[in-house]
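This is what each chain is made of:
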Amino acid sequence: PVLLGCGSAQPGGCPALCECSEPAKTVKCVNRNLTAVPPDLPPYVRSLFITGNPLTDLPAGAFPAQRLPDLASLNLSGNHLRTVEAGSLALPALRQLDLSGNALASFSPQAFGEGGSPLEELALRGALRDHGVLLSLAALLQSGALRNLSRLELADNGLLLLPAGMFTALPSLRQLDLSNNSLVGLRNVSFQGLGQLQSLNLSDNSLGVLWNSTLAQFRSLPALRHIILGHNTWVCDCAIEDLVAWLKESDQVEGKEALTCASPDKMLGKALLKINGSDLNCSVPTDLPSQLQTSYVFLGIVLALIGAIFLLVLYLNRKGIKKWMHNIRDACRDHMEGYHYRYEINADPRLTNLSSNSDV
């Protein structure tokens, strides 16, 4: 179909600065310097592209549901979006949404309206650099408003950690992309309830190890057959034993033969699948030194506090303690003099007889 640009919008026509194709049900407003969503979008549109514009805000009602009942695919990538307000994406037919490449600072958990949304695919590549937005997204996902979501893309966001329970209300999720972030661990991430999950991309992160709790979750997901773990900073010490054992027995990991150690230096470049127990020297638990160090520091602090309190008590009662010490000294001296007197009597026979006669 030929895309025709129209200078003005007529009923069922095309907004200025946009290109429309009624047969394809498509409208494109690409690199048109738009600062707001065109208010006169044709009601027939099913696929809408508003990309590469200095668009900063999505206010409530930016896409009127009554006027756009069939809008199913919405691409808002590569704009300057900062704010997504409540009700701005409350579209009854919306299935695909792309907000990638925006510097989001505020994302309302009610952006899709009060009820549930039919949304199936959500792309947020490079749009979640602000930690507050990540927490808002987590609240949105946990609310159950996107229970139909089957594909979620969170790549290129520099994420270090994910909010606990972020994915627990996504029973239809099939594809989860967390690649090219800075994730250092998944211990607080729950994949429970993702019974439909088929693909999990964790490549290009900073993962040093996957703990048994996470591996157990992977084993429990019946549909999960594609896990991508390439280009992570695997630390090949004793903590990695469980991961290595899982890799050797699992058929879920793509390209597992290429996974290699990033540290320590003696293990650099060694394939994880070729690691054995003798390489790791695991006679002492890996985390024991750090635990001991923490215990010693805590013990030192406690002893220092006890010592300070003891010295303070001594100082406050110094006069009484001095008097008590004098009394103890006098009592000990009297006692010792008594012992000394008895010793002298027992040592001299004459004094012993004298003492006996005196007693009689």
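Everything quoted here is computed from the prediction, not taken from an experiment.

Things to note about the overall build of the protein chain
Consideration 1: The helix and strand inventory of the protein chain stands at 7 helices and 17 strands.
Consideration 2: Counting the 360 residues in the protein chain, one finds 38% classified as buried.
Consideration 3: Intrachain contacts of the protein chain at a sequence separation of at least 6 include 57% that bridge at least 24 residues.
Consideration 4: Carbon and sulfur atoms form 56% of the exposed surface of the protein chain, whose accessible area is close to 19400 Å².

Describing the packing of aromatic side chains
Consideration 1: According to the stated counting rule, one finds 3 aromatic pairs in the structure shown.
Consideration 2: The interplanar angle of 50° and the centroid separation of 5.6 Å between the aromatic rings of Phe 191 and Phe 218 together place this pair among those described as tilted. Linking Phe 191 in the loop between β12 (175-177) and β13 (199-201) with Phe 218 in helix α2 (residues 212-220), this pair joins segments that are 27 residues apart in sequence.
Consideration 3: Judged by relative accessible area, which is 0%, Phe 191 ranks as buried.

Some thoughts on the UniProt feature "domain: LRRNT" (unreviewed entry) in the protein chain
Consideration 1: As recorded in UniProt, the feature "domain: LRRNT" (unreviewed entry) lies at residues 13-47.
Consideration 2: With 0% helix and 26% strand, residues 13-47 has end C-alpha atoms that lie 15 Å from one another.

Some details on the state of the cysteines
Consideration 1: Under the defined criterion, the tally for this structure stands at 3 disulfides.
Consideration 2: Across the disulfide, Cys 14 is cross-linked to Cys 20 (sulfur-sulfur distance 1.9 Å). On the S-S bond that ties Cys 14 to Cys 20, the torsion sits near 75°, and the link is right-handed. One exposure class covers both Cys 14 and Cys 20, and it is buried.

Describing the nonpolar core
Consideration 1: Grouped together as the largest cluster of nonpolar side chains are 88 residues, with contacts concentrated most on Phe 63 and Phe 167.
Consideration 2: Contributing elements (two or more residues each) for this core: β3 (26-30), β4 (47-51), α1 (131-142), α2 and α3 (241-249).
Consideration 3: A per-element tally of this core places α1 first, with 6 residues.

Overview of the side chain of Ser 88
Consideration 1: With respect to the helices, strands and loops of the structure, Ser 88 is situated in the loop between β7 (83-84) and β8 (96-98).
Consideration 2: For Ser 88, a relative accessible area of 0% gives the class buried.
Consideration 3: Of the polar contacts made by the side chain of Ser 88, one reaches the backbone oxygen of Glu 85; its length is 2.7 Å.
Consideration 4: The contacts of Ser 88, once residues within four sequence positions are left out, are Leu 58, Pro 59, Ala 60, Gly 61, Ala 62, Phe 63 and Ala 111.

A closer look at the pattern of salt bridges
Consideration 1: If you walk through the whole model with that rule in mind, you get 7 salt bridges.
Consideration 2: Of the charged contacts, one joins Asp 156 and Arg 125 as a salt bridge, the two residues approaching to 2.5 Å between their closest N and O atoms. You can see Asp 156 sitting in the loop between β11 (151-153) and β12 and its partner Arg 125 sitting in the loop between β10 (121-123) and α1, a full 31 residues away along the chain.
Consideration 3: Taking relative accessible area as the criterion, Arg 125 reaches 30% and is therefore assigned partly exposed.
Consideration 4: Ionic pairing is found between Arg 125 and Asp 177, a salt bridge with its closest N-O pair at 3.5 Å.

Some points on α2
Consideration 1: Where α2 is concerned, the buried positions are Thr 214, Leu 215, Gln 217 and Phe 218. Viewed along the axis of α2, the buried residues span an arc of 155°, placing them on a single side of the element.
Consideration 2: At its buried positions, α2 is contacted by β13, β14 (226-228) and α3.

Quick look at α1
Consideration 1: Between its first and last C-alpha, α1 extends 17 Å over 12 residues, near the 16 Å set by a 1.5 Å rise per residue.
Consideration 2: Of the surrounding elements, those touching the buried residues of α1 are β9 (106-107), β10 and β11.

Here is what the cut-offs are and how they apply
Residue numbers here run from 1 along each chain, matching the order of that chain's written sequence. Reporting of local features is limited, given that this is a predicted model, to residues whose pLDDT is at least 70; pairs of side-chain atoms are given and counted only at 80 or more, and all residues count toward the totals for whole chains, interfaces and linings. As a rule here, side-chain values cover all heavy atoms of the structure and leave hydrogens and water aside. The numbering of helices and of strands both runs from the N terminus, where a helix is a DSSP run of H or I of at least 4 residues and a strand a run of E of at least 2. Each residue's exposure class comes from its accessible area (1.4 Å probe, protein chains only) as a fraction of the maximum for that residue type: buried when under 20%, exposed when over 50%, partly exposed otherwise. Here a residue-residue contact requires only that any non-hydrogen atoms of the pair lie within 4.5 Å. Note that accessible areas follow from Shrake-Rupley with a 1.4 Å probe, and for residues the cover is restricted to the protein chains shown. Each aromatic pair joins two rings of Phe, Tyr and Trp (for Trp, the six-membered one) with centres within 6.5 Å, and gets the label stacked for planes under 30 degrees apart, edge-to-face for over 60, and tilted for any other angle. UniProt positions are given in the numbering used here, feature names are shortened, and annotations may be inferred rather than shown by experiment. In what follows, a disulfide is any cysteine sulfur pair within 2.5 Å. Definition used in this section: a nonpolar core is a set of buried Ala, Val, Leu, Ile, Met, Phe, Trp, Tyr and Cys residues joined via side-chain atoms within 4.5 Å. For the purposes of these results, a polar contact is taken to be a pair of N or O atoms within 3.5 Å, where, inside protein, one atom must be able to donate a hydrogen and its partner to accept one; residues adjacent in sequence count only when each atom of the pair is a side-chain atom. By definition here, a salt bridge exists when the distance from a side-chain nitrogen of Lys or Arg to a carboxyl oxygen of Asp or Glu is within 4 Å. Note that the arc is defined by the directions from the helix axis to the C-beta atoms. By this rule, a helix spans an expected 1.5 Å times one less than how many residues it contains.

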